[in-house]
Amino acid sequence: MVGRGGHRGRPGRGGPGRRGGGRVPTDLPGTDDLAGWLAGRLPDGWFAGTPTVTVDREEILVVGELAAPNLDADADEAARAAASHGRIERFREETREERMEVARQAEHRYGRKVAWGARIGEVEELFTTLSVPVMTRLRQSERLVLDTLVDAGVARSRSDALAWAVALVGEHASTWLDDLRGAMSAVDELRTRGPVLDDDDTATPGAGGVDDRPDPDGGGGDPVPPQG
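Residues numbered from 1 in each chain as written. Predicted model: local features only at pLDDT ≥ 70, side-chain atom pairs only at ≥ 80, totals over all residues. Heavy atoms only, no water.

Caption draft 1: Region of interest: the packing of aromatic side chains. Per the counting criterion, the structure on display carries five aromatic pairs. When the centroid spacing of 5.8 Å and the interplanar angle of 85° are considered together, the rings of Trp46 and Phe91 count as edge-to-face. Of this pair, Trp46 sits in the loop between helix 1 (34-41) and strand 1 (52-55) while Phe91 is found in helix 2 (residues 77-94), placing the two residues 45 residues apart along the sequence. Consider the rings of Trp46 and Trp116, whose centres lie 5.9 Å apart with planes at 80°: the pair is edge-to-face. Of this pair, Trp46 sits in the loop between helix 1 and strand 1 while Trp116 sits in strand 3 (residues 113-120), and the two are 70 residues apart along the sequence. (Phe/Tyr/Trp six-rings, centres within 6.5 Å; stacked < 30°, edge-to-face > 60°. Helix = DSSP H or I, 4+ residues; strand = E, 2+ residues; numbered from the N terminus.)

Caption draft 2: Region of the structure containing the environment of Leu146. Looking at where Leu146 falls in the secondary structure, it is placed in helix 4 (residues 140-151). Through-space distance from the C-alpha of Leu146 to that of Leu162 is 6.7 Å; in sequence the pair is 16 residues apart. Setting aside its immediate chain neighbours within four residues, Leu146 contacts Leu138, Arg158, Ala161 and Leu162. (Contact = heavy atoms within 4.5 Å.)

Caption draft 3: Representation of the packing of helix 1 against helix 3 (residues 96-110) in the model. In the contact formed by helix 1 and helix 3, the axes pass within 12 Å of each other and the chain directions differ by 150°. It follows from the interaxial angle that helix 1 and helix 3 lie roughly antiparallel. Between helix 1 and helix 3 lies a crossing of right-handed hand. Together, Leu34, Trp37 and Arg41 of helix 1 and Glu98, Glu101, Val102, Gln105, Ala106, Arg109 and Tyr110 of helix 3 make up the contact between the two elements. For the contact of helix 1 with helix 3, the class distribution of residues is five nonpolar, one polar and four charged. (Axes fitted to C-alpha atoms, helices over the stretch in contact; angles between N-to-C directions. Parallel < 35°, antiparallel > 145°, perpendicular 65-115°, else oblique. Left-handed = near helix turned anticlockwise from the far one by under 90°. Nonpolar A, V, L, I, M, F, W, Y, C, P; charged D, E, K, R; others polar.)

Caption draft 4: Spotlight on the pairing of strand 4 (residues 123-126). When strand 3 meets strand 4, the two strands line up antiparallel, connected through four bridges. By the bridge assignment for strand 4, Ala118 is matched with Glu125. Between strand 3 and strand 4, which pair antiparallel in sequence order, lie two residues; one of them, Gly121, sits at a positive phi of approximately 60°. (Pairing = 2+ DSSP bridges.)

Caption draft 5: Just the pattern of salt bridges, in detail. Taken as a whole, this structure holds nine salt bridges when the rule is applied. Between Asp178 and Arg181 there is a salt bridge, with the nearest N and O atoms lying 3.1 Å from each other. Taken as a pair, Asp178 and Arg181 lie in helix 6 (residues 174-192) at a separation of three residues, close to a single helical turn. Close ionic contact of Arg193 with Glu189 constitutes a salt bridge, the shortest N to O distance being 3.4 Å. Since its relative accessible area comes to 47%, Glu189 is described here as partly exposed. (Salt bridge = Lys/Arg side-chain N within 4 Å of Asp/Glu carboxyl O. Buried < 20%, exposed > 50% of the residue type's maximum accessible area, 1.4 Å probe, protein only.)

Caption draft 6: The sheet that holds strand 4, seen in detail. With respect to topology, four strands assemble into an open sheet ordered 1-2-3-4, the strand pairing being mixed. Looking along the sheet, the strands with just one partner apiece sit at the ends: strand 1 and strand 4. In this sheet, adjacent strand axes meet at a mean angle of 15° when their direction is disregarded. Bridge count for strand 2 (residues 59-65) against strand 3 is seven bridges, and the pairing is parallel. In the sheet register, Leu61 faces strand 3, and the bridge partner there is Ala115. Each of strand 3 and strand 4 touches helix 2; the most contacted strand, strand 4, lies at about 30° to it. Helix-sheet contacts for helix 3 involve strand 2 and strand 3, and the interaxial angle to strand 3 is about 135°.

Caption draft 7: Geometry of a nonpolar patch on the surface. There is a patch of nonpolar side chains on the surface, built from Val154, Trp164 and Leu168 and spanning about 250 Å² of accessible area. Along the chain, Leu168 falls in helix 5 (residues 158-172). Since its relative accessible area comes to 34%, Leu168 is described here as partly exposed. (Patch = residues over 30% accessible without salt bridge, like charges linked within 9 Å, V, L, I, M, F, W, Y side chains within 5 Å. Areas by Shrake-Rupley, 256 points an atom, 1.4 Å probe, with all protein chains shown as cover.)

Caption draft 8: Region of interest: the side chain of Arg99. Structurally, Arg99 is set in helix 3. In this structure, Arg99 is buried with no salt-bridge partner, the nearest side chain bearing the opposite charge being Glu89 at 8.2 Å. The contact partners of Arg99, leaving out residues within four places of it in the chain, are Trp46, Phe91, Arg92, Trp116 and Phe127. (Lys, Arg positive; Asp, Glu negative; His and termini not counted.)

In structure tokens, the structure reads:
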């Protein structure tokens, strides 16, 4: 997590990042009406029920439940899984052009790419989704963690190892992450209800527009160049 001034917070000091860090503000369009827009825009026969919609700064992922194929009662699990994969592949092919048009309209409206997926019971497939590089700086102890995962064959590269670690945290800390997102939403709502400051109240501290407050990190040396 990146805090103010580009300093990276460390675990164990009040949470994953120092106070003052947080989400980078963006001017992306809001997605409060996305679920309603999709409900009106998607064809009625595509999914059984309301699709699951996941949104971040780059992408909208829409995953819907398909009707299960009819099989004999004595069909085994392998046959049912194969039938489910076949049904999902047929849906992907038959809806490709219309999904592209819906994605084009949604991208224009919400400023994000749209990806698709489908599931039948426990079988789920995601179609082409974005893979977004994330820039970060890691200290040696943290790089050693990634290198251990690579050396052990868990991941092919440091990038794969980092993605694996993020997935592991998401799997085992889902409740905590849900609580954190709820708290963030509450803060956003309170912020919108707060007072609006005049320009005179938001002047840059320090004489001549220079911030002469001490560095909260006590630093002042040259920045450390990124390590390969």
